[in-house]
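The primary structure of each chain is shown beneath.
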Amino acid sequence: MTTPLTARPAPVADWVDIKTLYDDPYPIYERLRREGGVHWVPSVNRYLITSYEAVIATEHDQETFSANETDSLQIRAMGHSMLRRDDPEHYRERRQWQSVFKPNAVKNVWTQTFHEKGREQLARLIDKGPGADLIWDFSAPFAAECLKSLLGLYNASAEDLQRWSQTLIDATGNYADDPDVWAAGKRSFDEVDVALDEMLEWHLHNRDHSLLSSLLSSPEEQMPIEKIRANIKMSIGGGLNEPRDALGVAAWAMLTHPDQRKAVERDPALWSTVFDETIRWIAPIGLYSRQTTKRTVLAGVELPAGARLGICILSANRDESIWDRADEFDIHREVKPHLAFSKGTHVCLGARAARAEVADVALPLLFGHLNGLSIDPDNAPAVGGWVFRGMLSLPATWHDVKPLDAGPVSVAVGGVTPSQTETEACPHVAIVGSGPAGCFTARELSRRLPGARIDLIDRLPVPYGLLRYGVAGDHQGTKAVARQFDRLFDSPNVRFVGNTTIGDQVAFEDLRAGYDAVVLASGVHADRALGIPGETLTGVWGAGGITRRLNGHPNETETPTLGRRVAIVGQGNVAIDVLRLLSVRSKDLEGSDIDEAVHGALTRDIDTLHIIGRSSAEKARFDPVMIRELGRFSGIRHCVHGVELDRVPEGKDARLDALRTLPGVAGVEVDGTVRMKVDWWFETVPEQIDGQAKVEGVALRHGGDVVSLEVDSVVTAIGFVPDPENAISRALAELPSASESGRIEAGLYLAGWLRRSARGTIPDQRTDARALAGVIGADIASGDIACTRQGLAPHVEATDIDGWRRIDQRERSDATPDRVRTKLCTFEALLSSARDTSIVIDRATDGAAGEGDSLGDLSVSILFGTESGNAELVAEELEQALEGRCTVDIADLGDIEPDDLAPERFYLIICSTYGDGDVPGGANAFYQALRERAPDLEGIRFASFGLGDSSYAKTYSRGSELLTEALTACGARRIGEYGRHDASGSLSASDVALDWAEGVLVLAASESSTPA
Ligand SMILES: Cc1cc2nc3c(=O)[nH]c(=O)nc-3n(C[C@H](O)[C@H](O)[C@H](O)COP(=O)(O)OP(=O)(O)OC[C@H]3O[C@@H](n4cnc5c(N)ncnc54)[C@H](O)[C@@H]3O)c2cc1C
Ligand code: HEM
Ligand SMILES: Cc1cc2nc3c(=O)[nH]c(=O)nc-3n(C[C@H](O)[C@H](O)[C@H](O)COP(=O)(O)O)c2cc1C
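A quick note: this is a predicted structure, and the numbers were derived from the prediction, not measured. Residue indices follow the written sequence of each chain, beginning from 1 at its first position. By the order in which they are written, chains take letters starting at A while ligands take numbers starting at 1. Confidence filtering applies because this is a predicted model: local features only for residues at pLDDT of at least 70, side-chain atom pairs given and counted only at 80 or more, and all residues used for totals across whole chains, interfaces and linings. Excluding hydrogens and water, the side-chain figures rest on all heavy atoms present in the structure.

Let us look at helix α2 (residues 26-34). Relative accessibility thresholds used throughout: buried, under 20% of the residue-type maximum; exposed, over 50%; partly exposed, between the two (1.4 Å probe, protein chains only). The helix count covers DSSP runs of H or I at least four residues long, the strand count covers runs of E at least two residues long, and both are numbered beginning at the N terminus. Every buried residue belonging to α2 is among Y26, I28, Y29, L32 and R33, and all of these are buried. All buried residues of α2 project into a common sector of 155° when viewed along the axis, lining one side. For this analysis, residues touch if any pair of their heavy atoms sits within 4.5 Å. Among the structural elements, α1 (18-23), β1 (38-41), β2 (46-49), α13 (271-281), β7 (308-312) and α14 (313-316) are those in contact with the buried residues of α2. Positive phi shows up at G36, right after α2, with a value of about 120°. What the arc measures is the spread of directions leading from the helix axis to the C-beta atoms.

Next up, the structure:
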């Protein structure tokens, strides 16, 4: 890390005292963050790191911020465990611990064990009766019993484990050097060693699923006993108090937030959200230590070599620059990556197990069986701590008990868990807008409320909104999502009502009166204005209009004249789409549905493109995959301004890495004769568009200078705003604003771009739709929506789904040899095909297959590359879901060679990211073989799904991208949407992967069934 000249010495926070930190650290942390987030704090004898950004920076750079602290109290208290080591030593130890905590083991082995332990402890709590303490009479013994099973320390009692855990942790935090604390810690240290020796001997002859057994069965060389001892003590310290505290605080939060408790009782799938919001709100590990290995600068503050740091997770998790109302507990808030499990090298190994203990088992048990559970009015609860924080006591009462043997409690496992009332409900629902948000919402609602009648109403004669009229025509893989949507209408309960504008054919008030629930998903389509002089000159165009024209939208009939030199303002994905579509040649668009004549007329004269953005290259809003795609096209020379690519080493920033791949940049040769020049302007603001009657130039502010570019046209791509003429915009102006979940009132909801102000991708619409379906389901279950209305009959001019199928059929059969379809581009043509009953709908071409249908002769191999097992779990669940629909097998990338790939199979590649944006250990040999041997993979087809964590902003999902790039470099062809799962989001990886696989498999099956 280079040291900027502006680094300042650490401010001294001599006003901080430990007693206040223990009682209520939040006001102190708020001030420390406000003052920059890095301070020297004399009372703690450490630098405290309190802002989210600074904490993240330490977590992702173990070379500078070492866990191996000199004179560490933790090492003295417990021995030298993996938690106080850096890689590679750390990783060798962590690997031996890993298998027991893998997602598969948690799902298939431990969740059942936790259930048994939970029921035992709940029975004891019930015996104790109202007035018992939820912490000491339930959470603590429950967490201890779970830990005992995980570790295999069967000769210890729950009380032993609690005592050991507490005293070892007290010794770790013994900054006051209290001899009694050391003595108690030492007693536990010795007791653990005795118990451990006895149990290791036992496990030699009695193997089971526990950690101790797995250590003895490890294929690797056995860990030395001193290391086992230290790591077991660390796991006793960390594996008990944290789940206890997470459970205690979650129970307290539920008891003090009745509305949220009601929402969770209606929808048990929300227990997982409760768990995450709890540990965001009050992180059980509030602070851990790191030490600098060299002089460095953090958040502008200079730190000397050897500086001891306290990484304040309690504080970072309440950083107001990340979360609105960060101090409030709110399960409905937007999901952002919290740091309670840490990130990077030492990210908690027990996170899955802790989630299963708390969210899948203990909370549903407590709240499902103790009717009327509430805080004991005679005994106030107490919370405390700053290094570790949790409930000190939580005395509770209840009215009566649902017997424990009365069948299983509804347990949340992350998926949709509709209540009985919901599954029986038959509401009539209107969804205005059949774009991705409308379609996903319809799909989720019909899964959740199988009796619901759903009308998807759209002003256009055809469905799918921006999927058809925004997403670029050369990204057919993304457009393949339409095949999933097509299947929606196979259900007799879901209707498409096209050619119907709310505000024209149907009044908003009639719509509300006609349906039990109305979801407004009508999108946001007007180009945002730049707000600078010259904007109304001829030659200024919006990206929305251009992309609609290229997509054959019936409202866009004019092809803009762009001239020779074009400035595109904006650097988001839409701007990059425009850049690509304006710079490629017709032959690059083979396999697309872009009209050759329109594309030719639009691009004929262009030889120079400028792409201008106000952000730095590191913060630009484009997806790096989009930039790397640009590198594939020949004859284009790129040049970057406002970014020094040499400043940041390769591999540290995915956006800069992507820019380095562009021909003309960083020494990359341009393929063929240069026919077009693309200039990238970062940190640059357009100030004025120059010209008399039409555009002649644009003035930019760039690094303190004014740069004047001569251009013939300007394309604005800086986002979208609602169209004030749309009746939906007018209706919304009269209504209260929607809650975070999209609910305006019971029976009226917002979805998609209309709800999120034109932000979010198609996968985001899927995520939001699930949550919204939950909210609507809850309103029905609670009786806030009565299911009494009958819906509206379509008006005479309306089109239906068969109309769309005819249009689809005609467009495909009219396709020229190098296009997948020729779009009908006028209302007349669309409507006449929709009504042309002579067009026979060929169901075989409308998407080969969908959920549950056969995938024909397709042979699928699921290959996973994993480090800690998530990708394997996803692969197994995909395999299960596909059984019976096609021949399917599964393999670990670690067990195969590139030469094993066969052209007659289709490969689903599920791969995570590790280290600093690397492929995971399990896939490394395969990846290296691709890179070093470059085998010929011509004819191999695959689709990619990356597992990652978006809080690794610079390397998000990069491992799977590296693997994908290596495969394509060897000639294999990727098809379909690039799937991604973000571990810091709220969705289960398997759910996201199942949706993704549905789309890509349908595409693969239709390719396979199309004669070559
Ligand atoms: C140019 C462009 C390219 C994009 N490319 C990608 C991409 O490659 N990948 C990706 O993931 N995301 C992409 N996106 C984003 C993606 O399109 C959006 O996330 C998504 O379409 C939002 O869905 P929606 O249903 O909210 O809105 P829309 O897709 O806009 O759907 C709204 C629907 O409502 C209808 N409607 C509007 N008003 C009325 C009314 N009064 N009565 C009846 N019907 C009405 C419209 O006709 C439309 O069909 C792109 C966006 C744009 C603009
Ligand atoms: C809600 C509950 C839990 C929370 C909030 C939590 C939090 C954390 C945090 C913050 C770290 C990193 C600490 C550091 O870097 O200094 C960590 C590491 C670790 N945790 Fe957890 N933890 C929880 C439950 C568990 C459980 C149940 C186990 C095992 C039984 C466990 C085992 C571990 C291990 C082994 C590490 C060390 C990983 C490494 O160094 O590579 N944790 N945990
Ligand atoms: C030490 C470590 C480093 C990680 N590095 C990255 C990263 O650079 N980029 C990313 O997107 N995700 C990163 N992740 C997140 C993982 O990719 C994510 O948790 C994934 O679900 C793990 O899948 P697996 O268990 O199959 O390996 C990292 C996780 C860990 C534990």
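Here the focus is helix α17 (residues 436-448). Multiply 1.5 Å by the residue count of a helix minus one, and that product is the helix's expected span. With 13 residues, α17 extends 18 Å between its outermost C-alpha atoms, agreeing within 8% with the 18 Å of an ideal straight helix rising 1.5 Å per residue. Within α17, 11 of the 13 residues are buried, leaving the element largely enclosed by the surrounding structure. Taken together, the buried positions of α17 are P436, A437, G438, C439, F440, T441, A442, R443, E444, L445 and R448.

All right, on to the site of ligand 1 then. The nearness test applies per residue and asks whether one of its heavy atoms lies within 4 Å of the molecule or strand. As a matter of local geometry, ligand 1 sits amid 36 residues, with D458, L466, H525, W753 and G760 nearest to it. For this analysis, a polar contact is any N or O atom pair within 3.5 Å, provided that within protein one partner can donate a hydrogen and the other can accept it, and provided that sequence-adjacent residues contribute only side-chain to side-chain pairs. Contacts to ligand 1 include L466, whose backbone N or O atom sits 2.8 Å from an oxygen atom. Between ligand 1 and Q765 there is a distance of 3.1 Å, counted from an oxygen atom to a side-chain nitrogen or oxygen. The fraction of the free accessible surface of ligand 1 (1,000 Å²) that becomes covered by protein chains is 94%. Secondary-structure elements contributing two or more residues to the shell around ligand 1 are α17, α18 (465-469), α23 (573-583), α28 (752-755) and α29 (762-781). Gly is put with the polar residues, along with every residue not named as nonpolar or charged; the nonpolar set is Ala, Val, Leu, Ile, Met, Phe, Trp, Tyr, Cys and Pro, and the charged set is Asp, Glu, Lys and Arg. A breakdown of the residues in the shell around ligand 1 according to their chemical character gives 15 nonpolar, 18 polar and 3 charged. In this description, accessible areas are obtained by the Shrake-Rupley approach with a 1.4 Å probe, and a residue is regarded as covered only by the protein chains that are shown.

Per-residue confidence from the predictor is given as pLDDT, running between 0 and 100. In the predicted model, the chain carries a mean pLDDT of 92, and the fraction of residues at 70 or more is 96%. Contacts of residues 1-5 to residues separated by more than four positions or lying in other chains number 6 contacts, the stretch itself having pLDDT below 50. Taken together, the stretch residues 406-416 has pLDDT below 50 and engages in 21 contacts with residues farther than four places along the chain or on a different chain.

Another point: the packing of helix α22 (residues 543-550) against helix α24 (residues 596-603). Only the contacting stretch of a helix is used when fitting its axis, a line to C-alpha atoms as for every element, and angles between N-to-C directions run 0 to 180 degrees. At a minimum axis separation of 9 Å, α22 and α24 run at an interaxial angle of 140°. Of the possible angle classes, the one that applies to α22 and α24 is oblique. Packed against α22, whose contacting residues are I546, R549 and L550, the element α24 presents V598, H599 and L602 at the interface. Looking at side-chain class alone, the contact of α22 with α24 contains 4 nonpolar, 1 polar and 1 charged residues. Each angle receives one of four descriptions, namely roughly parallel if under 35 degrees, roughly antiparallel if over 145, roughly perpendicular if within 65 to 115, and oblique otherwise.

A separate point is the pairing of strand β20 (residues 565-569). Across the 5 residues that make up β20, a large majority, 5, are buried. By the alternation rule, side chains of β20 split into R565, A567 and V569 and V566 and I568, which are all buried. Of the strand pairs in this sheet, β20 and strand β21 (residues 608-612) are connected by 5 bridges, and their pairing is parallel. The residue bridging V566 from the neighbouring strand is L609, located in β21. Paired strands are those between which DSSP finds at least two bridges. Note that β20 and strand β27 (residues 713-716) share 4 bridges and pair parallel. Looking at β27, one finds that I568 is bridged to V715.

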